[in-house]
Amino acid sequence: MTPDLLAALEKARAAKQPIVLATQLPGGEQCLLPDPGAPAAVNEAARAVLESDVSGTHKIDGVDWFMHAYNPPLRLVIVGAVHIAQALVQFSTSCGYATTVVDPRRSFASDERFPNVTISTEWPDEAMEAFKPDSRTAVVTLTHDPKLDDPALDRALKSGAFYIGALGSRRTHAARLKRLSDLGHTEEAMSRIRGPVGLNIEAVTAPEIAASIISEIIAVRRGAPLPPKSAPKTTPP
Amino acid sequence: MSDHVEDVLSTAAGWRAAGEQVAIATVTETWGSSPRPAGSQMAVTKSGRMAGSVSGGCIEGAVAEAAMKTLDSGIPQLLDFGVTHERAWEVGLACGGKVKVFVEKLS
């Protein structure tokens, strides 16, 4: 790879611009795509590779092209700068998620508790408006406080976020769904919310719960089959 | 984003900027049960630094060896590892998969 090409690739990535590094095999001639100067079929293949986020070798007009997709990082918004969030940011960062922690309570959302993470101390509804979750974004609410969690979940449901998770027991979750339905969300829409959040691995400690949450995010992202969440336990009369 | 272990390119670019001779190996095609998908990368320096992976650990040694050749010659290589390939048995691609790995120099 030439220094110019590497610099151009690094520049596009820093600008969070989706880009394909295309390499002709076996010779190794390289270019960045899409490029107005490249053949239409080659550009089209590059766009498909970015869309699916799956790199691979494609034969176009008898030439093997290795198309390496460089999409901007996946994003994770964590609402609630709580103990579990401290553990979750470590997992999410190492899995490559650009992570933002939202909590208007400054004693929770401090740099000391969250070094090297983007922190927003706006109210969750404002923070979510600014953040604009898309199909490469996961949203997790951890505050247990409806004043903070509900507005975030409301905005998340109106977005294309690929994962929405909310901490809370089955009973808490049932009450939460009732409040969200009062805001006009249908049952079908609310079924996007994974609650109680995380895979059921009988997690106890904050890092264990964080591990169950990041595992569930990965499972949803990769299309792994997941069991449905069980219904809230009803108290016998 | 450069602080996570999958971002081998940024690590390699950093090494290059620091004056190292750097080769990058990239998985370009896989068949069967290969553990790392196309696009997985490993960076190797002349001085022996290594980052990333192109398999579950079975072929990294052989790829690093090939990378040294590419660093010397400047010529890229397309390596083929698989159950039908003697060399692959030698280096032990025990998972039964097949991978192609493109090795290039950061000039």
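Residues numbered from 1 in each chain as written. Chains lettered and ligands numbered in written order. Predicted model: local features only at pLDDT ≥ 70, side-chain atom pairs only at ≥ 80, totals over all residues. Heavy atoms only, no water.

With respect to the overall build of chain A
So, point 1. Along chain A, the regular secondary structure elements total eight helices and 10 strands.
So, point 2. For chain A, the spread of C-alpha atoms along the three principal axes comes to 75 × 40 × 35 Å.
So, point 3. Here chain A holds 237 residues, and the buried ones make up 47% of them.
So, point 4. Intrachain contacts of chain A at a sequence separation of at least 6 include 59% that bridge at least 24 residues.
So, point 5. A total of about 12000 Å² of accessible surface is found on chain A, and carbon and sulfur atoms cover 56% of it.
So, point 6. Placing the 25 positive and 27 negative side-chain charges of chain A at their respective mean positions leaves the two points 6 Å apart. (Helix = DSSP H or I, 4+ residues; strand = E, 2+ residues; numbered from the N terminus. Buried < 20%, exposed > 50% of the residue type's maximum accessible area, 1.4 Å probe, protein only. Contact = heavy atoms within 4.5 Å. Areas by Shrake-Rupley, 256 points an atom, 1.4 Å probe, with all protein chains shown as cover. Lys, Arg positive; Asp, Glu negative; His and termini not counted. Charge placed at Lys NZ, Arg CZ, Asp CG, Glu CD.)

Describing the domain arrangement of chain A
So, point 1. Each assigned domain of chain A is listed with its residue range as follows: domain 1 (13–70) and domain 2 (75–222).
So, point 2. Look at where the C-alpha atoms of domain 1 of chain A and domain 2 of chain A centre, and you get two points 34 Å apart. (Domains from an automatic or database assignment.)

Brief notes about the side chain of Asp-154 of chain A
So, point 1. Within the fold, Asp-154 of chain A resides in helix H5 (residues 146–157).
So, point 2. Here the side chain of Asp-154 of chain A touches His-185 of chain A through a polar contact of 2.5 Å, side chain to side chain. (Polar contact = N/O pair within 3.5 Å; in protein donor to acceptor, adjacent residues only side chain to side chain.)

Some points on the sheet that holds strand E3 (residues 56–60) of chain A
All names here are of chain A.
So, point 1. Taken together, the four strands give an open sheet; going across it, the order is E2-E1-E4-E3, and neighbouring strands pair in antiparallel fashion. Unpaired on one side and paired on the other, strand E2 (30–33) and E3 mark the two borders of the sheet. Across this sheet, the average inter-strand angle for adjacent strands is 30°, counted without regard to direction.
So, point 2. With four bridges joining them, strand E1 (residues 19–25) and E2 adopt antiparallel strand pairing. Bridge pairing in E2 places Val-20 opposite Leu-33.
So, point 3. Lying over the sheet, helix H1 (residues 3–14) contacts E1, E2 and strand E4 (63–70), oriented at roughly 20° with respect to E2. (Pairing = 2+ DSSP bridges. Axes fitted to C-alpha atoms, helices over the stretch in contact; angles between N-to-C directions.)

Let's talk about the pattern of salt bridges
All names here are of chain A.
So, point 1. Within the structure shown, the criterion is met by 16 salt bridges over all chains.
So, point 2. Residue Arg-13 is joined to Glu-10 by a salt bridge in which the shortest nitrogen-to-oxygen separation is 3.0 Å. Within this pair, Arg-13 and its partner Glu-10 are both found in helix H1, separated by three residues, close to a single helical turn.
So, point 3. The exposure class of Arg-13 is buried, given its relative accessible area of 10%.
So, point 4. Two residues, Asp-53 and Arg-136, come together in a salt bridge whose shortest N-O distance is 3.2 Å. Of the two residues, Asp-53 sits in the loop between helix H2 (40–52) and E3 while Arg-136 sits in the loop between helix H4 (124–131) and strand E8 (137–141), which places them 83 residues apart along the sequence. (Salt bridge = Lys/Arg side-chain N within 4 Å of Asp/Glu carboxyl O.)

Some points on the interface of chain A and chain B
So, point 1. With 24 residues of chain A at the contact, the number on the chain B side is 21 residues.
So, point 2. Interface area for chain A against chain B, summed over the two sides, is near 1800 Å², with a carbon-plus-sulfur share of 62%.
So, point 3. Of all residues in chain A, Met-1, Leu-6 and Arg-13 of chain A give up the largest surface area on contact with chain B, accounting jointly for 29% of the area buried on that side.
So, point 4. Our enumeration of links across chain A and chain B arrives at one salt bridge. (Buried area = accessible area lost by both parts, 1.4 Å probe.)

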